[in-house]
Amino acid sequence: MKRTFVRTAGLSIAAMSLLAGVTACGSSGDSGSSGGSSGGSSGGSGGGGFDPIAALRTAEKSTDGADSAKVESTTTMGSVMSMTADGALAWGDGLTGNLTITYTGGTMADTMREMGSDSMEARYLPDAYYARMGDTFAEQSGGKHWIKYAYDDLETLGGSGGAYLKDQMQNTTPNQSVKLLLASGDVHKVGEERVRGQQTTHYSGTVDVADLAEKNSSLSQSQLDDLRKTLEQAGVTTETVDIWVDDQDLLVKKVEKGEASAGAYSQTAYYSDYGTEVAVEEPPASDTADFTELVQQQSGG
């Protein structure tokens, strides 16, 4: 296997995993009644004077205040990849956590198998993301198994998309999915459903992706304009969002689905064990390659 292929593939896979992790925590499966049997009222305000906006505001505050949770997610992006992620994330003082990411299909899974594995470990710290790429990558990268993505470097190298990713990594929490629906102006109660044995209330809505970025980030206007152009070029305009909230006003499940020029994408995430302890260690510096240095080496080679 060529050195440049291994390095390029490793960078691409780690970056894709970073994006998937952000989505799992923040902003996805069938969006109908895939969480369980449907019941109760649907459409409008759910009848009986029920106010879905007030209910979602309570859920947003409760989920944000829980500080941590266990997360399971499945993600599909056209023919590019399908993957699962399993672990725990905390957001009380910046995003931290550990996820095990397994590629189950698509071109990314094929590339991972060529590199000798179909899974990787991801660690999130407040200022950087780390991806463990395995022995084959290490053989071609000076013996180092980990790639470090400092969020400041993502902004520098990634333009508007990198700036948005940095913002989301440093500020996102599972309650962002609830905020997303609140900001959309299009939300309704679907009904009462059971999700993994829990009684929940199902809400649904459609959001404009670029408007979401404007309402839920700290980007400048020029960065938002650039991001909107990037999204339009990728064919990303709107997406549907479904969330399920339990009787403790905590987010239990969310589904996001949309279309892009590369094909349909979707993600389903489940949240449990709110308040769980999350301990994350920075990988040894001697076993870590910096993303920017790898990019420079690749450009020079």
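Residues numbered from 1 in each chain as written. Predicted model: local features only at pLDDT ≥ 70, side-chain atom pairs only at ≥ 80, totals over all residues. Heavy atoms only, no water.

Caption draft 1: Representation of helix 3 (residues 106-114) within the structure. Of the residues making up helix 3, those classed as buried are Met108, Ala109, Thr111 and Met112. Here the buried residues of helix 3 occupy an arc of 160° about the axis, which is enough to place them on one side. (Buried < 20%, exposed > 50% of the residue type's maximum accessible area, 1.4 Å probe, protein only. Helix = DSSP H or I, 4+ residues; strand = E, 2+ residues; numbered from the N terminus. Arc of directions from axis to C-beta.)

Caption draft 2: The arrangement of the confidence of the model for the protein in detail. With 70% of its residues at a pLDDT of 70 or more, the protein shows a mean pLDDT of 78. The lowest-confidence element of the protein is strand 1 (residues 38-39), averaging 36 in pLDDT; the highest-confidence one is strand 8 (residues 187-195), averaging 95. Note that residues 1-8 has pLDDT below 50 and, in this model, 19 contacts with residues that lie over four places away or in other chains. Across residues 27-47, where pLDDT falls below 50, the model places 61 contacts with residues more than four positions away in sequence or in other chains. (pLDDT = per-residue confidence, 0-100. Contact = heavy atoms within 4.5 Å.)

Caption draft 3: Focus on the packing of aromatic side chains. Following the criterion strictly, the structure yields four aromatic pairs and no others. Aromatic side chains Tyr124 and Tyr129 sit 5.0 Å apart centroid to centroid with 50° between the ring planes, which places their arrangement in the tilted category. The same class applies to Tyr124 and to Tyr129, which are both buried. Taken together, the ring pairs connect Tyr124, Tyr129, Tyr149 and Phe291 into an aromatic cluster. The ring of Tyr270 carries the charged tip of Arg196 above its face, separated from the ring centre by 3.7 Å. In this arrangement the basic side chain of Lys253 is found over the ring face of Trp244, its NZ or CZ atom lying 4.3 Å from the centre. (Phe/Tyr/Trp six-rings, centres within 6.5 Å; stacked < 30°, edge-to-face > 60°. Lys NZ or Arg CZ within 6 Å of the ring centre and 35° of its normal.)

Caption draft 4: Looking closely at the packing of helix 2 (residues 52-65) against helix 6 (residues 176-184). In the contact formed by helix 2 and helix 6, the axes pass within 9 Å of each other and the chain directions differ by 150°. Relative to helix 6, the element helix 2 lies roughly antiparallel. When you trace helix 2 past helix 6, the crossing you get is left-handed. Within the contact between the two elements, helix 2 uses Ile53, Leu56, Arg57, Ala59 and Glu60 and helix 6 uses Val178, Lys179, Leu181 and Leu182. Across the contact of helix 2 with helix 6, the residue classes tally to six nonpolar, no polar and three charged. (Axes fitted to C-alpha atoms, helices over the stretch in contact; angles between N-to-C directions. Parallel < 35°, antiparallel > 145°, perpendicular 65-115°, else oblique. Left-handed = near helix turned anticlockwise from the far one by under 90°. Nonpolar A, V, L, I, M, F, W, Y, C, P; charged D, E, K, R; others polar.)

Caption draft 5: A look at the pattern of salt bridges. Under the definition given, this model contains six salt bridges. Close ionic contact of Asp273 with Lys70 constitutes a salt bridge, the shortest N to O distance being 3.9 Å. Of this pair, Asp273 sits in the loop between strand 12 (263-272) and strand 13 (288-290) while Lys70 is found in strand 2 (residues 68-77), placing the two residues 203 residues apart along the sequence. On the basis of relative accessibility, which here comes to 47%, the residue Asp273 falls in the partly exposed class. Residue class for Lys70 comes out partly exposed when judged on its relative accessible area of 40%. (Salt bridge = Lys/Arg side-chain N within 4 Å of Asp/Glu carboxyl O.)

Caption draft 6: Structural context of the environment of Leu250. With respect to the element layout, Leu250 can be found in the loop between strand 10 (238-246) and strand 11 (251-260). Distance from Leu250 to Thr200, taken between C-alpha atoms, is 9.4 Å for residues 50 residues apart in sequence. Each residue touching Leu250, except ones within four places of it in the same chain, is listed here: Ser62, Thr63, Ala66, Trp244, Val245 and Tyr274.

Caption draft 7: Structural view of the pairing of strand 10. Burial runs high along strand 10: seven of the nine residues are buried. As paired elements, strand 9 (residues 198-208) and strand 10 share nine bridges and run antiparallel to each other. What sits directly across from Tyr203, in strand 10, is Ile243. Between the antiparallel neighbours strand 10 and strand 11 lie four residues, among them Asp249 with a positive phi of about 65°. (Pairing = 2+ DSSP bridges.)

Caption draft 8: Structural view of the environment of Val236. For Val236, the position within the fold is in the loop between helix 8 (221-233) and strand 10. The buried category is assigned to Val236, whose relative accessible area is 13%.

Caption draft 9: Region of interest: unusual backbone geometry. You will see that Arg196, though not glycine, has its phi angle at about 50°, which is positive. Structurally, Arg196 can be placed in the loop between strand 8 and strand 9. A residue is classified by how much of its surface remains accessible, and Arg196, at 54% relative accessible area, is exposed. Positioned with a positive phi, Asp273 is a non-glycine residue whose angle comes to about 50°.

Caption draft 10: Summary view of the side chain of Thr288. With respect to the helices, strands and loops of the structure, Thr288 is situated in strand 13. There is a polar contact of 2.7 Å between the side chain of Thr288 and the backbone oxygen of Pro284. The residues contacting Thr288, other than those within four sequence positions of it, are Tyr130, Lys144, Trp146, Lys148 and Pro283. (Polar contact = N/O pair within 3.5 Å; in protein donor to acceptor, adjacent residues only side chain to side chain.)

Caption draft 11: View of the pairing of strand 6 (residues 128-132). In terms of residue burial, strand 6 counts as a mostly covered element, since four of its five residues are buried. By the bridge criterion, five bridges tie strand 5 (residues 119-125) to strand 6 in an arrangement that is antiparallel. Bridge pairing in strand 6 links Arg123 to Tyr130. Here strand 5 folds back onto strand 6, and the loop between the two strands holds two residues. Inspection of the sheet shows strand 6 paired to strand 7 (residues 146-150) by five bridges, in the antiparallel sense. Paired with Tyr130 across the two strands is Lys148, which belongs to strand 7.

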